[in-house]
Amino acid sequence: MRALQFNIRYDNMADAPRTWDVRRADVIHTIANWKPDLFTIEEALPHQFVDLQDAFEDYDCFGVPRDNGIDEGEATIVFFKKDQFTPLLEGHKWLSSTPDLPSKYPGAGSIREFQWVKLQHNATGQQFLIVATHLDDQSGAARLFGAQEILAFLNNNFLDVFSEELPLILTGDFNTTENDPAYLEMAQTLDDARLLAPIHKDEFGGTWQDNVEDPFVVHADQQVLQLDFFFVKAVSVTRYIVETTPINGAWPSDHFPILIDFSLRPIPKLD
């Protein structure tokens, strides 16, 4: 199976001439070209969410705009092929002290959330959990809190993840590098898919274009940071790719999409 993760960059008029109406077709082409079985999206404003739903009619999806849970703000979304997966459970939480309400952690730059879906693979009957998130870009304390809250949610609701009876894929834009406490918190419990894959393609060594001048344009001295990750449990990863193919000399977003080819490990049999 194949999973793809993509921060598509929210529609910002300050990005002109690379606003969403210009980038939309390139984003859609980039996703469709890899034919993922499931994919996750960050920073989709409501009209971008609708555009993706219209473009990917063969996929079902779950996600809510973060500012009010209805129709305001960016959404983190999980898409999955309708003919391959059956959704069993789904939900979302805000990364704050009031996780059931749209709310922000003190000191965070933005309201943050995570979306989860428990899926059944129709061909095999095997179940697994996919979680997508977008941690804060302004506050290290908020990022660490977010990582801890996601792990605590899993521990309280899906303990079979940690016994490796329920495979897990946790992905998103973590706004964190490998030295950040939020990354280290995740890596203590879960596996970084980059480090598991025998086939590894990462042209620039990162996922976020860090050039100050026009991050959408291809630069000869392309600067990047690794901010986007796949973490897994009870999942075998065979390939990890950072998609760095420009379209007409420009990137579809200020993040590169990443993808993994994977299989779910068999459920351990108890003696």
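Residues numbered from 1 in each chain as written. Predicted model: local features only at pLDDT ≥ 70, side-chain atom pairs only at ≥ 80, totals over all residues. Heavy atoms only, no water.

From N to C terminus, the protein includes four helices and 15 strands. Projecting the C-alpha coordinates of the protein onto the three principal axes gives extents of approximately 60 × 40 × 35 Å. Burial analysis of the protein (271 residues in total) assigns 55% to the buried set. Counting contacts in the protein only where the partners sit at least 6 residues apart, residues at least 24 apart contribute 70% of the total. Summing over all exposed atoms, the protein offers an accessible surface of approximately 11500 Å²; the carbon and sulfur share of this is 50%. Side chains of the protein carry 20 positive and 43 negative charges; the gap between the two charge centres is 4 Å. (Helix = DSSP H or I, 4+ residues; strand = E, 2+ residues; numbered from the N terminus. Buried < 20%, exposed > 50% of the residue type's maximum accessible area, 1.4 Å probe, protein only. Contact = heavy atoms within 4.5 Å. Areas by Shrake-Rupley, 256 points an atom, 1.4 Å probe, with all protein chains shown as cover. Lys, Arg positive; Asp, Glu negative; His and termini not counted. Charge placed at Lys NZ, Arg CZ, Asp CG, Glu CD.)

Moving on, we get to the pairing of strand 15 (residues 258-264). For a regular strand, the rule is simple: side chains alternate between the two faces of the sheet. Within strand 15, six of the seven residues are buried, which leaves it mostly tucked inside the rest of the structure. Where strand 14 (residues 235-242) meets strand 15, seven bridges bridge the pair, whose relative direction is antiparallel. When the sheet's bridge partners are listed, S236 is paired in strand 15 with S263. (Pairing = 2+ DSSP bridges.)

Tracing the sequence through the fold places Q126 in the loop between strand 6 (113-121) and strand 7 (127-134). Excluding residues that lie within four positions of it along the chain, Q126 makes contacts with L119, Q120, H121, P167, L264, R265, P266 and I267.

Attention now moves to the environment of L38. Counting through the fold element by element, L38 comes out in strand 2 (residues 38-44). Here the alpha-carbon distance between L38 and F85, two residues 47 residues apart in the chain, equals 9.2 Å. Those residues in contact with L38 that lie beyond four places of it in its chain are R2, A3, L4, F79, F80, F85, L119, F128, I130 and F262.

Another point: unusual backbone geometry. A cis amide bond links A16 with the next residue in sequence, P17, at an omega value of 10°. Tracing the sequence through the fold places P17 in the loop between strand 1 (2-7) and helix 1 (20-34). In the Ramachandran plot, E43 falls in the positive-phi region, its phi being about 70° despite a non-glycine side chain. Looking at the element boundaries, E43 is found in strand 2.

It is worth spelling out the sheet that holds strand 6 at this point. The sheet built from six strands is open, its strands ordered 5-6-7-8-13-9 with mixed pairing. Where the open sheet ends on each side, the last strands, each with one partner, are strand 5 (85-94) and strand 9 (191-192). As paired elements, strand 8 (residues 168-173) and strand 13 (residues 228-233) share six bridges and run antiparallel to each other. Bridge pairing links G172 to F229 in strand 13. Helix 3 (residues 140-157) contacts strand 5, strand 6, strand 7 and strand 8 of the sheet and is inclined by roughly 160° relative to strand 7. Sheet strands in contact with helix 4 (residues 181-189) are strand 8, strand 9 and strand 13, and its direction is about 20° off that of strand 13. (Axes fitted to C-alpha atoms, helices over the stretch in contact; angles between N-to-C directions.)

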